[in-house]
Structures are given as C-alpha cells and as structure tokens.
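Commentary on secondary and tertiary structure
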Amino acid sequence: MTGSVPHWIDGARTTGSATRRASVFQPATGEVAREVVLADQSDVDGAVASAVKAAQDWGESSLSTRAKVMFEFRQLVKANRAELAEIITAEHGKVLSDAAGEVQRGLEVVEFACGIPHLLKGEHSEQVSRGVDAYSVRQPLGVVAGITPFNFPAMVPMWMFPLAIACGNAFILKPSERDPSTAVRLAELFQEAGLPDGVLNVLQGDAFAVNALLDHPDVAAASFVGSTPIAQHVYARGTAAGKRVQALGGAKNHMVVLPDADIDGAADAAVSAGFGSAGERCMAISVVVAVGDVADELVPAITSRMASLVTGPGTDPASQMGPLVTDVHRDRVQSYVDAGVASGATLVVDGRGYAPEGHEGGFWLAPTLFDNVDPSMSIYQDEIFGPVLCVVRVPTLDAAVRLVNANQYGNGTAIFTGDGLAAREYQRRVHVGMIGMNVPIPVPMAYYSFGGWKDSLFGDTHVHGADGVRFYTRTKAITQRWPRHHGVDLGFPTHT
Ligand code: NAD
C-alpha cells in the first residue's frame, strides 16, 4: 500500500476529512514508510451512518447467504495469505512465517464462522404447558465496534469481525494506527467475497476515534484488545454509555517448570514462546518459574539456545526474530533491561546494542535473559512486551501457584512436567484463563473461546467460540400458544 493509508467506508477507500495523520514506520529500517489518516468526528459519524444503514439489510439476510459469503472470504484470504503476510511484516516487523501464521489463526475463526447456521440454532421446548411451546432465538445487536492492538494486525481483528458479521451485525474496525494497512486489505477481500458495502467499515484513528465510537449512540457493543490501562478505560467508558463491552488487556505469562520436566523440551519451549515475534505477543512467556533446583540445568539450556537465534529483518528467511514495532517501544523495553540490571537481577544474555548489518536504523533489541529475578522488581511486575525473559526461582509447586495467583494478570500460563497429578493440581488452583500442560502458548482453537482472568480481561465473555456468538447476539425467549378460546382466567398459570 503506497501513499496514505485510508479508511474503508461504505465499500471504498477514502481519506475522509484527513485533518490529522500519523507516521507508519518500517521497523526493520526505522524509516517512515507511509502515513495513516486519523479520523475526526465527521469520519466517525460517516462510518457509523454507513454501518447503521448496512446493518438493516444484512441483519435480514438468510443464514445461507451469510455462510456463503464467509466461505468465499475464507478462500480469498487463503489465496492472498502471502500478500497479507508481506503487509504485516512491512509495518509490524515480525518475520514472514510468523505473519503467515497469524493469518492462518485468523482464518480458523472465519472457518468457525462458516458454521453460523448451526451456531445460531436456539433452544425449543415443546408443551411447556398444555398447548404451549417455549423457544429462544439469537438476534444481532446492530452495529458493533472492534478496537485492536498493533501486535496481531490480522489475527485479532479476525477474532472479532467474521463472527460479528456472521451473526448479522455490521462491524466498524478501528485497527492500530501503528500497522493499519492489513485491515483495509482484509475489508477489500471481504467485499470481493460478496459482503455488502457498509457491513465492514475500517476507521483509521487513535484515541479520538475510539472514544467517539464508545460514546456514539448508534454503536451497540465494542470488542477491545490492547493494554490493560486502555482496556479498563474502554470498558468503563463503553459500559457507562450503555454498551456491551468485552475488553481484553495485557499479560505476564508464567511458565512453571517442575524438577521432573524434560529439560530440553522445556528450554526449547521457553525460547520459542519467549522470543517469537520479539515477545510482542499477549501469550508470550515472559517469566520462567523454575521450581526446586531445576534452574541450574534449565538456565544454561536456555542460554545455549539463545546463542544461535538470528535476529534480523522479517523479510529475510534466515531471521527468526524481527525488530520491535517502534523506536519508542524499543526504548521502553530497553529501559526495563536497564532497570533489571540496576535492581540486582542477573543479566545472563544482554540483547542491548545489537543491530544487523545494513539495518542500523531499525528498532532492534536482541533476545535478553535475566536469572534470579525477584517478584518485587519492575521486570517481574510490569508487562514489558519485548524479547526479555525472566527466570524466578521458587522452592515448591505451592510457591509457584502463590506467585502466579499474586500477579495482577491472568491471561495464559503453562506447566512443564511429566507428573499428571501435579499438572492437574496446578490447572485447578491457578487464577488464569488459559492453561498449557507442556504447551507453552495455549491459545485456544477458534471453536473454544480466548480470554484471560483478573486484569487481562474486563467484561464477562471471551472472544470467538461459543462466547463470541453470545457476545455478538442477544437472546429472546418466546412462549407461544395458538389457542382455541378459553375465556378469562385470573388464576396463576401452573402449567398443568
Ligand atoms: P494499546 O492499548 O496501546 O492500543 C490498543 C488500541 O487502543 C489501539 O487501537 C489504540 O489506537 C487504542 N488506544 C490507545 N490509546 C488509547 C486511549 N488513550 N484511549 C482510547 N484508545 C486508545 O495496545 P498496543 O500497544 O497496540 O498492543 C499491545 C498490548 O495489547 C499489550 O498490552 C498486549 O498484552 C495486549 N494484547 C492483549 C491481547 C489479549 O488477548 N489479552 C492480545 C493482543 C494484545
């Protein structure tokens, strides 16, 4: 995408009022690649008006029409996966294989949404009273907004809009202003698949657009994924305006390694889950909790694997990890490394000061490892969202459970062990939404729901799966009788 990244409103690219713009960087070079337009009130009003109009017809469309469009969209995304990955890598920085992987995980939600005729089946009870039946239906909400983070510019929007649209809603997507192009390409493909104009609008913008959508009386609900402070804000503002809101926040994911674990498997998992996508994943492992004396073997095993990791431009097939998304974010992550050193943690591998040849201007930080991290340190307390892995040593499984439960976040966690009873105990006792047993990144499949506990989620429903269908619909319970005339009866109905 060259020039300015536009909105996608009513089935067409538009720069709207374009009163403000933001720079979009190429993280591997540090150069400004293009600008993105930032919505003002008139752009928000235009996007909502288009969605309100489109929602009326789309909400009346047959389930088979919706499923058919969804199947076509699946084919088109699949056919254009490489192009989508290139767009993601150019603006986000992650390696191409990782970018293609997130498109694939998004596609799985589209595949789930293809089953919408089955997913929207209600309940039916015949003869709840003599000659009386009861049943329930799920109906769309109308216009739904989705506000998404920079770290998965394809997958996180695809957690939301395919299912919302399959449920009969119109959707306004406000992608991250740091990597805004993927959303426009996805909307174009959806149009090509037969989606009527206005059913999916992409509104580019920043906090202004988010707040205007949350305040807008014609927006019925909002799905949000991003950092915890903004999730909290979005939840409070949206619900105060009477909307249904699900707001997924940040994370600090612990990987507990018991003394009986397979050390090679655990070390591979810690390195893959800690440094994949430069640690910019909400399900990244950022803390390894080494139980007993397992750290004495585990830390050298992790360190030796880190020595062969290749950090470089995402477009280079040899690269395993790309740059961070912006210089501001890289500097913030690096400031945590400085803070970790100052607070007395053992810096085992220092990723500061690295830059691949020919790409010196990029936003680089190589994989970094701390051992002997104390839970009071900021490198443990805060979500760093970069390639910084911390090892905390604890004496027992009990202590590991207490540590995880005391943390403000509860998105994902993993336990590595061959002891099924210990794993079961851990799974039952931790206050975390998604658990892996010898699986470091336990992202649920599309037909389950994704979401954390504590400060990792504000609201009641998780995204996609059955919870997604619930979030994007509201139910009606109907009681029906087709009577012969029975006369007036003031008695309480007793269903005999
Ligand atoms: P962010 O919170 O900065 O931004 C998310 C969205 O909110 C963007 O669209 C942005 O434009 C908007 N926004 C930013 N500031 C705002 C404000 N003051 N008012 C209203 N809207 C505002 O998050 P990010 O840096 O883009 O993404 C990284 C964060 O997202 C991390 O904390 C990560 O853990 C989290 N995340 C969570 C999940 C999950 O499933 N829980 C998934 C992916 C990312």
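What this report covers is the structure whose coordinates are included nearby. Everything numeric here is computed off the predicted structure, so don't read it as measured data. (Residues numbered from 1 in each chain as written. Predicted model: local features only at pLDDT ≥ 70, side-chain atom pairs only at ≥ 80, totals over all residues.)

1. A closer look at the overall build of the protein chain
Where we set the bar: Under the scheme used here, helices are H or I runs from DSSP no shorter than 4 residues and strands are E runs no shorter than 2 residues, and both carry numbers assigned from the N terminus. C-alpha atoms define the radius of gyration, and 2.2 Å times the number of residues to the power 0.38 defines the globule rule. With C-beta atoms placed from the backbone, the exposure class of a residue follows from how many other C-beta atoms lie within 10 Å of its own: 20 or more, buried; 12 or fewer, exposed; in between, partly exposed. Contact between two residues is assigned whenever their backbone-derived C-beta positions fall within 7 Å.
The helix and strand tally for the protein chain stands at 16 helices and 23 strands. For the protein chain, whose C-alpha radius of gyration is 24 Å, the value lies close to the compact-globule estimate of 23 Å for 496 residues. In terms of its C-alpha atoms, the protein chain occupies a principal-axis envelope of roughly 85 × 55 × 40 Å. Among the 496 residues that make up the protein chain, the fraction classed as buried is 52%. Long-range pairs, those at least 24 residues apart, make up 71% of the contacts in the protein chain with a sequence separation of at least 6.

2. What to know about the site of the ligand
Where we set the bar: Nearness is defined per residue: the C-beta atom, placed using the backbone, must lie within 6 Å of the molecule or strand. Any residue that is not Ala, Val, Leu, Ile, Met, Phe, Trp, Tyr, Cys, Pro, Asp, Glu, Lys or Arg is counted as polar, Gly included; the first ten are nonpolar and the last four charged.
Within the structure, the ligand sits among 29 residues, and Pro-149, Gly-226, Ser-227, Gly-250 and Cys-282 are positioned closest to it. Elements supplying a minimum of two residues to the shell around the ligand: α8 (207-215) and α9 (228-240). It is α8 that provides the largest number of residues to the shell around the ligand, a total of three residues. Residue classes in the shell around the ligand are distributed as 13 nonpolar, 12 polar and four charged.

3. Remarks on the nonpolar core
Definition in use: Nonpolar core, as used here: buried Ala, Val, Leu, Ile, Met, Phe, Trp, Tyr and Cys residues forming one set through C-beta atoms within 7 Å.
Counting 92 residues, the largest nonpolar core has Ile-172, Leu-213, Ala-222 and Val-234 as the members making the most contacts within it. Examining the composition of this core, we find that 10 residues originate from one element, helix α6 (residues 155-166), more than from any other. Ignoring sequence-local partners within four residues, the contact set of Ile-172 consists of Ala-47, Val-48, Ala-51, Val-143, Ala-145, Asn-201, Leu-203 and Leu-213. Ranked by size, the runner-up nonpolar core spans 68 residues in total, among them Val-95, Ile-302, Phe-385 and Val-432.

4. Here's the deal with the sheet that holds strand β15 (residues 346-349)
Each strand in a sheet pairs with another by means of backbone hydrogen bonds, the pair being arranged parallel or else antiparallel. Quick note on the threshold: Strands qualify as paired when DSSP identifies two bridges or more between them. Here, axes are lines fitted to C-alpha atoms. For helices the fit covers the stretch in contact, and angles between N-to-C directions go from 0 to 180 degrees.
A sheet is described by the order of its strands in space; here seven strands give the open sequence β15-β16-β17-β14-β13-β19-β20, paired in mixed fashion. Either end of the sheet is taken by a strand with one partner, and the two such strands are β15 and β20 (434-437). In this sheet, adjacent strand axes meet at a mean angle of 20 degrees when their direction is disregarded. Both β15 and strand β16 (residues 368-371) contribute to a ladder of three bridges, which runs antiparallel.

5. Details of helix α14 (residues 397-406)
For clarity, the cut-off: The directions from the helix axis to the C-beta atoms are what the arc is built from.
Of the residues making up α14, those classed as buried are Leu-397, Ala-400, Val-401 and Val-404. The buried residues of α14 occupy one face: seen down the axis, they fall within an arc of 100 degrees. Residues of α14 that are exposed and angled more than 90 degrees away from the buried face: Asp-398 and Ala-406. Where α14 is buried, its residues touch β13 (253-257), β14 (285-291), β17 (388-394), β19 (412-416) and α15 (420-429).

6. As for the sheet that holds strand β4 (residues 20-26)
Taken in spatial order, the three strands make up an open sheet running β1-β5-β4, and their pairing is mixed. Edge positions in the open sheet fall to β1 (4-5) and β4, since each of these has one partner strand only. Judged from the two bridges that link them, β1 and strand β5 (residues 31-38) form a sheet pairing that is parallel. Note that in β5 the partner of Val-5 across the bridge is Val-36.

7. Let's talk about the packing of α8 against α9
Selection criterion: Angle categories are assigned with fixed cut-offs, so that under 35 degrees is roughly parallel, over 145 is roughly antiparallel, 65 to 115 is roughly perpendicular, and the rest are oblique.
Following both chains from N to C, one finds α8 and α9 inclined at 30 degrees, their axes separated by 8 Å at the closest point. The angle between α8 and α9 places the two elements in the roughly parallel class. Packed against α8, whose contacting residues are Val-210, Asn-211 and Leu-214, the element α9 presents Val-234, Arg-237 and Gly-238 at the interface. Residues of the contact of α8 with α9, tallied by class, amount to three nonpolar, two polar and one charged.

8. Regarding the packing of helix α10 (residues 263-275) against helix α11 (residues 295-306)
Rule in force here: Left-handed is the label given to a crossing in which the near helix is rotated counterclockwise from the far helix by less than a right angle, and right-handed is the label when the rotation is clockwise.
Following both chains from N to C, one finds α10 and α11 inclined at 50 degrees, their axes separated by 9 Å at the closest point. In terms of orientation, α10 and α11 fall into the oblique class. Handedness of the α10/α11 crossing: right-handed. On α11, the residues touching Ile-263, Asp-264, Ala-266, Ala-267, Asp-268, Ala-270 and Val-271 of α10 are Glu-297, Leu-298, Ala-301, Ile-302, Arg-305 and Met-306. Class assignment of the residues belonging to the contact of α10 with α11 gives a composition of nine nonpolar, no polar and four charged.

9. Notes on the pairing of β13
The cut-off we apply is this: By the criterion used throughout, a crossover qualifies as right-handed when its path from the first strand across the helix to the second strand runs clockwise, the strands pointing away from the viewer.
Burial runs high along β13: five of the five residues are buried. Along β13, one buried face is formed by Asn-253, Met-255 and Val-257 and the opposite face, lined by His-254 and Val-256, is buried too. Summarising the sheet, β13 and β14 pair through five bridges and their orientation is parallel. Of the residues in β14, the one forming a bridge with Met-255 is Val-288. With α10 bridging β13 and the parallel β14, this β-α-β connection has right-handed handedness. In the sheet, β13 pairs with β19 via four bridges, with the strands oriented parallel. If you follow His-254 over to β19, its bridge partner there is Thr-413.

10. Some thoughts on the environment of Leu-38
Following the sequence through the fold, Leu-38 ends up in strand β5. Sequence separation between Leu-38 and Ala-261 is 223 residues; the distance between their C-alpha atoms is 50 Å. Discounting chain neighbours no more than four positions away, the residues touching Leu-38 are Arg-20, Arg-21, Ala-22, Glu-177, Gln-204, Gly-205 and Asp-206.

11. A few points about α8
Taken as a whole, α8 has its buried residues at Ala-209, Val-210, Ala-212, Leu-213 and Leu-214. Where α8 is buried, its residues meet α1 (41-60), β8 (143-147), β9 (170-174), β11 (221-225) and α9.

12. Things to note about the pairing of β16
Of the two faces of β16, the one lined by Thr-368 and Phe-370 and the one lined by Leu-369 and Asp-371 are each fully buried. For β16 and β17, the ladder comprises three bridges, and the chain directions are parallel. Within the sheet, the bridge partner assigned to Thr-368 lies in β17 and is Val-388.

Note that every value here comes from positions in space, so none of it alone points to a role or purpose.
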